[in-house]
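Structure at a glance
One-letter residues, chain by chain:
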Amino acid sequence: MEILVCVKRVPAPGSRINVTQDGLAVDTSNLGFTTSPHEECAVEEAVRIVEEHGGSVTVLTLGSALSEEQLRYAASVGANKFVLVETDGEHDSDAQQTAEAIRETVISLEASHGIFDLILFGNESADSSGYQVGIRVAVSLDRPMVNGIKNIDVGDTQITAHREVDNGYEVYSLKAPAVFGIKEGINLPRYPTMKGRLASKKAEISTISASASVASQQRVRLHRPEEETVETTILGNDATAAVKIADLLEELDLL
Amino acid sequence: MSEFPNKARCVVIGAGIVGNCLVGHLSDMGWDDIVLLDKGPLPNPGGSTGHASNFIFPCDHSKEIVDLTLDSQRQYEAMGLQNTCGGIEVARSEERMEEFKRRMTSAACWGIPSRLLSPAEVKELVPFISEDVILGGFYTPSVSAVDSLETGTQMRKKAQEAGNLQVFANTEVLDIDTVPGLNKPKVAGVVTDKGRIACETVVVACGVWSPRIAEMAGATIPLTPAVHQMADVGPFDVLVETNEELAYPIVRDMDTFCYERQTAGSMEVGSYAHRPILHRVDEIPSNDEAALSPTEMPFTADDFDQQMEEAIELMEFLGDGEIKYAINGLLSLTPDANPVLGPTVEVENFWSAAAVWVKEGPGVGRLVAEWMTHGYPHLTDPHGADIARFYPQERNVHHIEARSAEHFNKTYGIVHPREQWASRRDITVGPVKSRTDALGAFYFEAGGWERPHWYETNQDLIAKYGIKDREHEWDRRWWSPISDAEHLHMRDNVGIVDLSAFQIFEVSGPGALAYIDHMVVNNCDVKVGGSIYTPVLNPSGGFRSDLTILRLALDRFRIITGAFDGGRDEYWFRHNLPGNETVQFENRTNAMCTLGVWGPKAASVLSSITESSLEQQDFSYGSYQSVLLGGVPTEMFRVSYVGDAGFEIYTGMQHGAALWDAIVEAGESFELRPVGAAVYGTSGRLEKGYRLMGAELENEYNPVEAGLARTKIKAADFIGKAAYVEAREEAPCARLCVLSVSDLTCEAGYERYPMGSGNEPILSLSGERIVDTKGRVSRVTTAGSAPSLDKFLILAYLPIEFCDVGTELKVLYQNEAYPVTVEASGSNLALFDTEGARMKA
């Protein structure tokens, strides 16, 4: 199995997210960065598939040179090859630009590498939540695409994927090459080992410059919604609270 | 929850280990109406306590730190929140093995059972260690891990249950109100997002946030938030199957500045080896903004890679463990790595209890509570942690960051007792620096001032006096044989000493005499032109300081104290000023320069450039006069700390260089040489048995024991008088003695030289440490050569039964015992010129 996973570097914020003074970005001055959680699961899933069926996992990201950190993280948990499609880092790419850059990169990689059996995306990115890039890439490459995937089974000729819906699953059976949007919960991603982390420092990263296409969408301003304040009532600190809890459960029709 | 109060007696800000323990102890000591605030939630409000590794290695070279640590261990143990698992420091270098000998010496001094281990013995205790990368270990069975959050909770609850404390979490302090006072502003209230609390006293126990809170009051708490990286790695079968939180000793890999601590099935790997990563307080995220807690900042993995490699070298299985949690944890660093405790110097009733590790937390809680209750603590003398020790130039962010960056990597380092700072030098210099530079002065820092310790241009005197070098590099480090040669030259001829670092205060006004008599032990009502050398006591009767006072006029006194004591002394004198305008206090340090000229030819040199008579009958010992010296207006004070005739000479800072030049020029025909502080502060002093604040003199000892009690007690009341009177009435259980080392030869066959750094115990002939009936251990307080006596001397307090001259004992240095003999005890400890004839010649 040759699998490509596309990941995005996103801030790892606390419960309160600050916006820069010009309103154009999240204030990341005190924040660490991570890979979007859905994509972390996609990398884990790819690594597991390759561990079972052989092949290799290539991880691709579009972003500034700083995004190397996320590629090395993927290396530390078992991915094999790494591609950084480097942008100037000054402006966020919109979904169309991102999809176009990925499409071009996939075509170029496949020309030398062969066709990827699977291309995995996160269901949506943790920062902008556009839900678009995976679908745009799949459509442009004329490959089948399913989002919201919580399970993948690789068979001899078919790939079966589960998509979570209310009260159950939709089951899709596809032939490679295919594209999936992976959803958190499909697995519990491993943490890097110390050895993995140290080995990741030596991982080779191919860097390609992103083509300078013009964005069709522009960010005007980020707005932080009013915080909802939640009133907390302490029912008690000792056994007497039990009665109050029972009353409350009754009131909520839970007893 | 109780209603938010609008007044309280005392507000403690910060519910980490320190704030919680402090309120518990305050409550025990009878304080009521205390309010504890924290901006975060309880029990873990998000400060450094919440991510601490919580382990305690009790052995340290500093008595003050050990006292705090051992008391903390006792408190954790009493609450049942201590897990004694043992700990091993392992060495990868020969230098570290040498350091372990010093560790063993300290452990013997403080009575902490410890032993040295071979690599195989380390492996017996820690089977998964790679014994081939280590040379040995220093094992302390009493190393423990504690539950600092639960300890804090219990301490807090104890005070709440006693009805003395109200606690408010999630309460942000917005401002500290002060009201103007006669000498400085005084705390009046704490403004929070829940309301204002009017209060008498505020304690800042906010760890990394303390500087911000202090600034709200107009005070300074000199510390910086700094990163300590750690990662939790695992799980490992070898740990999981122990089914214990801590089944193996904690390992400190000293030469890589890392530690490995079991946490159930995982191993916590922490490091002090990465580059210093300092933050400003405003860069710390709020509780809401932080992904984890505010002090668990995003891990910068690149900084930790080297440590991972080294950890895997020591414990191979670590490489396969998953890094489940890794942080850039924030802790507090101060310019000298010690805590910042006690009343701030800028605002009355505004206290600091910051820059404290979990290992000292409960002890610091008790100590600060004692300080607030009794005027000074009993647990230990905190002069190394007293926030007043820092001078203004040491309280700014440039200094704090430079020094913190310099010492961060020394957290597990081997720091020589005489080691000098590399950063922030030449910030405070006297007026003769260009002259002493030209003479090849080697400078030590004295309270921030550059002070010549010896002069390279005196190299020729080494051969002249046949001074031998020291064999062992450790003994030779930050030392020069030139010092002993300068000493002998001064004894034969005359030396000039740069004393610009002296701290000089003046008090004046109609209430000056009554005020100063209240401050010190000895009678200050001497004639104008006279002087007083006197102890300054704490209320408990222990030493707060010793200093010299000159009576300049009926209503004006000059106080002269040492470079290392000026900050604390200034605080104390200002703090005790009367609440009216009858006394003015002025710090004249930066306006005045002091030079010292001593030796048998001193009077001849100085007489040649003045028309005033310096003869003994016209200018008696202990008196001072205004003298035109070489055309420079000066005040000369006939006194000696080095045991030879001569003067301390004061002039305006602007005249310092001219005065130096005049004396040096006049001295040419008298073989005058510059003499460094090693002679002034150690060898000259030791031959005369003079005591030094912070070494022999500290709060644990009183003037009777130090041999500084006068025959009479003055009528006037003074701070510590009741305790002083009581001490005089009871037979002292220990006395300060001077001892000589009868044989300095070590087992390897060459001579070694104790440092006098406070951690070298005196042993009985059978090798036991000596503890007096008050529980105080006999240890070397000063050590150094006495070139004029051809001896190596040490000062130490000994229980009365060991004080007889001729008593033979031992001293432990680098874990080897050397024979010593008591040479003198009591008030006169001089072995050189015992009757003082030379000084009065």
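Residues numbered from 1 in each chain as written. Chains lettered and ligands numbered in written order. Predicted model: local features only at pLDDT ≥ 70, side-chain atom pairs only at ≥ 80, totals over all residues.

1. So, the overall build of chain A
Secondary structure assignment for chain A yields 6 helices and 11 strands. Each of the three principal axes of chain A carries a C-alpha extent, and together these read 70 × 50 × 40 Å. Every one of the 255 residues in chain A was classed for burial, and the buried ones make up 36%. For chain A, the share of sequence-separated contacts (at least 6 apart) that also reach a separation of at least 24 residues comes to 71%. (Helix = DSSP H or I, 4+ residues; strand = E, 2+ residues; numbered from the N terminus. Buried ≥ 20, exposed ≤ 12 C-beta atoms within 10 Å, placed from the backbone. Contact = placed C-beta atoms within 7 Å.)

2. Observations concerning the pairing of strand S7 (residues 145-154) of chain A
Residue and element names in this part refer to chain A. With 3 bridges connecting them, S7 and strand S10 (residues 178-182) associate as parallel partners. Of the residues in S10, the one forming a bridge with Ile149 is Ile182. Strand direction decides the pairing type here: S7 and strand S8 (residues 159-165), joined by 5 bridges, are antiparallel. In the sheet register, Asn151 faces S8, and the bridge partner there is His162. Where S7 folds back onto S8 in an antiparallel hairpin, the turn is made up of 4 residues. (Pairing = 2+ DSSP bridges.)

3. Description of the domain arrangement of chain B
Many descriptions give the size of an interface as the accessible area lost when the pieces come together. All names here are of chain B. Split into domains, chain B comes out as domain 1 (503-590) and domain 2 (592-674). Each of domain 1 and domain 2 has a C-alpha centre, and the two are 24 Å apart. The residue makeup of the side of domain 1 that touches domain 2, split by class, is 2 nonpolar, 5 polar and 1 charged. (Domains from an automatic or database assignment. Nonpolar A, V, L, I, M, F, W, Y, C, P; charged D, E, K, R; others polar.)

4. Side note on the sheet that holds strand S25 (residues 531-537) of chain B
Residues and elements named next belong to chain B. Spatial ordering of the open sheet is given by S25-S26-S27-S24-S28, a layout of 5 strands whose pairing is antiparallel. Both outer strands of the open sheet, S25 and strand S28 (584-587), are each paired with one neighbouring strand and no more. In this sheet, adjacent strand axes meet at a mean angle of 25 degrees when their direction is disregarded. Relative to strand S26 (residues 543-553), S25 runs antiparallel, the two being bridged by 7 bridges. Each bridged residue has a counterpart across the sheet, and for Ser531 the counterpart in S26 is Leu550. Against the sheet, helix H15 (residues 512-519) engages strand S24 (503-508), S25, S26 and strand S27 (556-561), with an angle of about 130 degrees to S24. On top of the sheet, helix H16 (residues 566-575) reaches S24, S26, S27 and S28; it is set at about 10 degrees to S24, its chief contact. (Axes fitted to C-alpha atoms, helices over the stretch in contact; angles between N-to-C directions.)

5. Concerning the interface of chain B and chain A
If you look at the interface, chain B gives 21 residues, while chain A gives 18 residues. Of all the elements in the fold, those that place two or more residues in the side of chain B that touches chain A are helix H8 (305-314) and strand S18 (322-333) of chain B. Considering each element in turn, the side of chain B that touches chain A owes the most residues, 4 residues, to H8 of chain B. When grouped by side-chain class, the residues that make up the side of chain B that touches chain A number 11 nonpolar, 2 polar and 8 charged.

6. Observations concerning the confidence of the model for chain B
Mean pLDDT over chain B stands at 96; residues scoring 70 or higher make up 100%. In the predicted complex, the global pTM is 0.94; the interface-specific ipTM is 0.87. (pLDDT = per-residue confidence, 0-100.)

7. Focus on the nonpolar core
The biggest cluster of nonpolar side chains holds 257 residues, and the ones touching the most others in it are Val204 and Ala353 of chain B. When residues of this core are assigned to domains, at least three map to each of domain 1 (503-590) and domain 2 (592-674) of chain B. (Core = buried A, V, L, I, M, F, W, Y, C linked by C-beta atoms within 7 Å.)

8. A closer look at the packing of helix H2 (residues 63-78) of chain B against helix H9 (residues 361-374) of chain B
Residue and element names in this part refer to chain B. Two numbers describe how H2 lies on H9: the axes approach to 6 Å, and their chain directions differ by 105 degrees. On the basis of their axis angle, the class for H2 and H9 is roughly perpendicular. The residues of H9 that touch H2, namely those facing Leu68, Thr69, Asp71, Ser72, Gln75 and Tyr76, are Gly361, Pro362, Gly363, Val364, Arg366 and Leu367. For the contact of H2 with H9, a count of residues per class yields 5 nonpolar, 5 polar and 2 charged. (Parallel < 35°, antiparallel > 145°, perpendicular 65-115°, else oblique.)

9. A word on the sheet that holds strand S4 (residues 56-63) of chain A
Residue and element names in this part refer to chain A. Spatially, S9-S8-S7-S10-S6-S1-S4-S5-S11 is the arrangement adopted by the 9 strands of the open sheet, whose pairing is mixed. Single-partner strands in this sheet number two, and they are strand S9 (168-174) and strand S11 (205-209). Ignoring which end each strand starts from, the neighbouring axes of this sheet average 35 degrees apart. Alignment of S8 against S9, held across 7 bridges, turns out to be antiparallel.

10. With respect to helix H4 (residues 133-141) of chain A
Residues and elements named next belong to chain A. Considered for burial, the residues of H4 that qualify are Val133, Gly134, Val137 and Ala138. For H4, the buried positions fall inside an angular range of 125 degrees around the axis, keeping them on one side. Contacts from the buried residues of H4 go to helix H3 (95-113), strand S6 (118-122), S7 and S10. Downstream of H4 by a residue or two, Asp142 has a phi angle that is positive, lying close to 60 degrees. (Arc of directions from axis to C-beta.)

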